[in-house]
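# Topology and contacts: notes
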Amino acid sequence: MFNAGSLASTARSAILVCAMGIASVASAHAQTKPFGPGFDGWSFTATTEKPGLVVCRATRTAGNREDILGMRNDLKPYFSVKAEGRKGKWPGTIINVPGKPRGVLEWTSTGEANGIRMWFPLPTSAVDRIVEAGAFEFSLPDTEDSGKVNLGKRAMDAWVRVHECVKANSR
């Protein structure tokens, strides 16, 4: 006799087992290693996400914040902050250096968040200017949601270390 409930339960179990297997294979490929000593709240890692793709991160922990300055070895840099529950994509996100007139040291990015982390991909030239200033602000379009990120006095040194990591892990 055909039992649809039993078939559905078996299918859900099979899907769960497959998903767990895929997750374990994916995590087996992602390997994170430290990359040099930390300073001024910054720590550095190189994560192999898949063969040939390494993400170099400078993570700064200050108080309740955990801010990331990262770049993949395909030369795609980004900033990341805690998502604070945000999920989605925000094309037209404004990233700027605090205290500068609107339009001066200001860039547009597509902010994206998964509930845990929010990230902002930017051109290398923009990241250079932001780390030189030591801080940035973000403003999500069509919302009143914004934030300010202080990168500390040694942000430029952290960015240099990220570049060293990328060079050491270049394709």
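Residues numbered from 1 in each chain as written. Predicted model: local features only at pLDDT ≥ 70, side-chain atom pairs only at ≥ 80, totals over all residues. Heavy atoms only, no water.

### Here's the deal with the layout of surface pockets
For the record, the criterion: The way it works is a 1 Å grid over only the protein atoms, where trapped points that fit a 1.4 Å probe form a cavity and open points with protein on both sides within 12 Å along at least five of seven lines form a pocket, and then any residue with an atom within 4 Å of a point lines it. Grid points are joined across faces, edges and corners, and a volume is the space filled by probe spheres set on the points. For helices the rule is a DSSP run of H or I covering at least 4 residues; for strands it is a run of E covering at least 2, with both sets numbered from the N terminus onward. Charged means Asp, Glu, Lys or Arg here, nonpolar means Ala, Val, Leu, Ile, Met, Phe, Trp, Tyr, Cys or Pro, and polar covers whatever is left, Gly included.
Estimated volume of the largest pocket: approximately 310 Å³. The wall of the largest pocket is formed by 13 residues, among which Val55, Arg57, Arg72, Tyr78 and Trp119 lie closest to the centre. Elements supplying a minimum of two residues to the lining of the largest pocket: strand 3 (53-62), strand 4 (65-72), strand 5 (77-82) and strand 8 (117-121). Residues that form the lining of the largest pocket fall into these classes: seven nonpolar, one polar and five charged.

### Brief notes about the state of the cysteines
Two cysteines form a disulfide when their sulfur atoms are joined by a covalent bond. Our working definition: By convention in this document, the label disulfide applies to cysteine sulfur atom pairs within 2.5 Å. The rule is simple: take the accessible area with a 1.4 Å probe, protein chains only, and divide by the maximum for that residue type; under 20% is buried, over 50% is exposed, in between is partly exposed.
For the structure shown, the criterion picks out one disulfide. Disulfide pairing is shown between Cys56 and Cys165; the S-S distance is 2.1 Å. Between Cys56 and Cys165, the S-S torsion sits near -75 degrees, and that sign places the bridge as left-handed. You can see Cys56 sitting in strand 3 and its partner Cys165 sitting in helix 3 (residues 155-168), a full 109 residues away along the chain. Here Cys56 and Cys165 have matching classes, each one buried.

### Description of helix 3
Quick reminder of the rule: The span you would expect from a helix comes to 1.5 Å times its residue count less one. The arc in question is traced by the directions running from the helix axis to the C-beta atoms.
In this model, helix 3 (14 residues) spans 20 Å end to end at C-alpha, consistent with the 20 Å of a helix rising 1.5 Å per residue. Of the positions making up helix 3, those classed as buried are Ala155, Ala158, Trp159, Arg161, Val162, Cys165 and Val166. All buried residues of helix 3 fall inside an arc of 155 degrees around its axis, so they share one side. Away from the buried face of helix 3 by more than 90 degrees, exposed residues Lys167 and Ala168 are located.

### Notes on the pairing of strand 7 (residues 106-114)
Side-chain positions along a regular strand alternate between the two faces of the sheet. Under the convention used in this document: At least two DSSP bridges between two strands are required for those strands to pair.
In strand 7, alternate side chains face the same way, and those of Trp107, Ser109, Gly111 and Ala113 are buried while those of Glu106, Thr108, Thr110, Glu112 and Asn114 on the opposite face are not. Where strand 6 (residues 87-96) and strand 7 come together, nine bridges link them in antiparallel fashion. Looking across to strand 7, one finds that Thr93 is bridged to Ser109. Examined bridge by bridge, strand 7 and strand 8 share two bridges and lie antiparallel to one another.

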